[in-house]
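Per-entry structural report
Residues per chain, in single letters:
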Amino acid sequence: MNGAPIQVRITDVGPRDGLQSQKTLVPLAGKQALIEALWAARLPAIEATSFVSPKAVPQMADADALLPAIAVPAGRSLSALVPNQRGLERAVQAGCREIAVVLSATETMNQRNIRMGLDQAIAAARDTLRDAQAQGLATRAYVAVAFACPFEGDTPTGRVRDLSLAMAEAGADEIVIADTIGAAAPSDVQRVLDALLPALPVQRLGLHLHDTRGMALANAWQGLQMGVRRFDASIGGLGGCPFAPGAAGNLATEDLALLCAQAGLDTQLDMAALVRAVDLVESLVGYPVGGRSLRWIRQNLATFAAPCAAPSSTPRTDATHSNHHRQGAAAPQGMNT
Ligand code: COA
Ligand code: ZN
């Protein structure tokens, strides 16, 4: 490999996907502090909240006050999920510059999530994207339950392709393929990406992974090997969906950051600041959180020579494993920046 390291863009969805299903209502000041902590960890993008019905998701009821309270550093992006036109209006009113629409790949999930059938949800997502673009907003479109639906089982690959293409044609800047309930294995990620990549530029594709079966990191690696460079993740692995039974935590931001660091991929993230953000999440939700690698990261923070560099090859507290994992860490194949 030559030249600059490959960049991987992580959107932290903890403040939205992570908090939305928490029983403890986190006060606005706590959400604001969390987003500040994520900026401090140099996250390039954060999904801050959602402009949904406060009856449906009480945790997000403060979206109108939260967004204007947050300063967005130059070059970073702060987005919000909107389920319908009303949500878009509220987002614009609050000064939001980037929105995400959510289109589930099955009839039942759309009904449960946004109370629309699939056809109606497609039309609504198109309309919202069009109106957002007309107002100069950047846009993301989630294709939710893209691997399996808690109500309808395995999701047909062809449908994921068709919906993704529809969202691309509607002009979404990023199409986010979401494993909402964390059911996918790397072979499933490969199958879906094999169907999408001939039709869509990989730069417009993102992966949103949940860790229900412990495969989120393996799925991310599969995506990286196939050229995906945009990922959603959630600080501390916080997450779940109140409308999708079985949805567990998201892929933890710190786990993905470590995977990328060890593979020589550049996320720009500051590991020590990420750990501080995890500590803050823990104090906000009141129970232990953290990705699978958090304990190791804590014990080895001093080995991260530069904020986003790989840990040095002689970990201080895990000497028995020496550095053979580093030697084997080649960059994924098929990578182009
Ligand atoms: N923001 C705030 N309130 C909204 C709203 C929005 N974007 N859209 C609708 N509402 C309100 C209406 O004003 C109405 O209020 P009222 O009962 O006080 O009169 C009520 O919600 C019902 O409106 P209706 O248009 O009939 O919506 P609905 O009951 O069909 O619900 C959604 C549709 C999308 C608003 C609702 O299902 C929702 O918010 N879902 C949340 C989805 C979500 O966050 N999922 C997790 C992330 S993928
Ligand atoms: Zn999710």
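Right above here is the structure, for reference.
Not measured: the values here are computed from a predicted model.

**Examining the overall build of the protein chain**
Of the regular secondary structure elements, the protein chain holds 13 helices and 10 strands. Computed over the C-alpha atoms, the radius of gyration of the protein chain is 19 Å, within 12% of the 20 Å expected from 2.2 N^0.38 for a compact globule of 337 residues. The dimensions of the protein chain, computed from C-alpha atoms along their principal axes, are 55 × 45 × 35 Å. In the protein chain, buried positions account for 47% of the 337 residues. If you take every contact in the protein chain between residues at least 6 apart in sequence, the share linking residues at least 24 apart comes to 75%.

**Topic: the pairing of strand 1 (residues 9-12)**
Strand direction decides the pairing type here: strand 1 and strand 10 (residues 230-233), joined by 4 bridges, are parallel. Within strand 10, the position partnered with R9 by the bridge is R230. The pairing of strand 1 with strand 2 (residues 45-50) spans 2 bridges and is classified as parallel. What sits directly across from T11, in strand 2, is A45.

**What to know about the site of ligand 1**
Within the structure, ligand 1 sits among 19 residues, and V52, S53, A56, G87 and R115 are positioned closest to it. Secondary structure elements with two or more residues in the shell around ligand 1: helix 4 (85-93) and helix 5 (107-114). Top element by residues in the shell around ligand 1 is helix 4. It accounts for 3 residues. Looking at the shell around ligand 1 residue by residue, the class counts come to 10 nonpolar, 6 polar and 3 charged.

**Structural notes on helix 8 (residues 186-196)**
By the burial criterion, the buried members of helix 8 are D188, V189, V192, L193 and L196. Buried residues in helix 8, looked at end-on, bunch into an arc of 125 degrees, giving them a common side. Exposed residues pointing more than 90 degrees away from the buried face of helix 8 are listed as S187 and D194. Against helix 7 (157-169), strand 8 (174-179), strand 9 (205-209) and helix 9 (216-225) lie the buried residues of helix 8.

**Quick word on unusual backbone geometry**
Its identity as a non-glycine residue notwithstanding, R42 has a phi of 70 degrees, on the positive side. Here R42 shows up in the loop between helix 2 (28-40) and strand 2.

**Section: the packing of helix 10 (residues 253-262) against helix 11 (residues 271-285)**
Relative orientation of the contacting elements helix 10 and helix 11 amounts to 165 degrees, with a least axis distance of 10 Å. The angle between the axes of helix 10 and helix 11 places the two elements in the roughly antiparallel class. For the pair helix 10 and helix 11, the crossing hand works out as left-handed. Counted together, T253, E254 and A257 of helix 10 and M271, L274 and V278 of helix 11 form the full contact between these two elements. When grouped by side-chain class, the residues that make up the contact of helix 10 with helix 11 number 4 nonpolar, 1 polar and 1 charged.

**A short note on the environment of V278**
Its location among the elements puts V278 in helix 11. Sequence spacing of V278 and G237 is 41 residues, and the spatial spacing of their C-alpha atoms is 8.9 Å. Leaving out residues up to four positions away in the same chain, V278 has contacts with I235, G236, E254, V289, G290 and L294.

**Topic: the nonpolar core**
Membership of the largest hydrophobic core comes to 100 residues, with the highest contact counts inside it found for L103, A141 and V143. Residues contacting L103, with those up to four places away along its chain left out, are A121, I122, A125, A141, Y142, V143, A144, L163 and M167.

Conventions adopted
- Residues numbered from 1 in each chain as written.
- Chains lettered and ligands numbered in written order.
- Predicted model: local features only at pLDDT ≥ 70, side-chain atom pairs only at ≥ 80, totals over all residues.
- Helix = DSSP H or I, 4+ residues; strand = E, 2+ residues; numbered from the N terminus.
- Rg over C-alpha atoms; globule rule 2.2 N^0.38 Å.
- Buried ≥ 20, exposed ≤ 12 C-beta atoms within 10 Å, placed from the backbone.
- Contact = placed C-beta atoms within 7 Å.
- Pairing = 2+ DSSP bridges.
- Near = placed C-beta within 6 Å.
- Nonpolar A, V, L, I, M, F, W, Y, C, P; charged D, E, K, R; others polar.
- Arc of directions from axis to C-beta.
- Axes fitted to C-alpha atoms, helices over the stretch in contact; angles between N-to-C directions.
- Parallel < 35°, antiparallel > 145°, perpendicular 65-115°, else oblique.
- Left-handed = near helix turned anticlockwise from the far one by under 90°.
- Core = buried A, V, L, I, M, F, W, Y, C linked by C-beta atoms within 7 Å.

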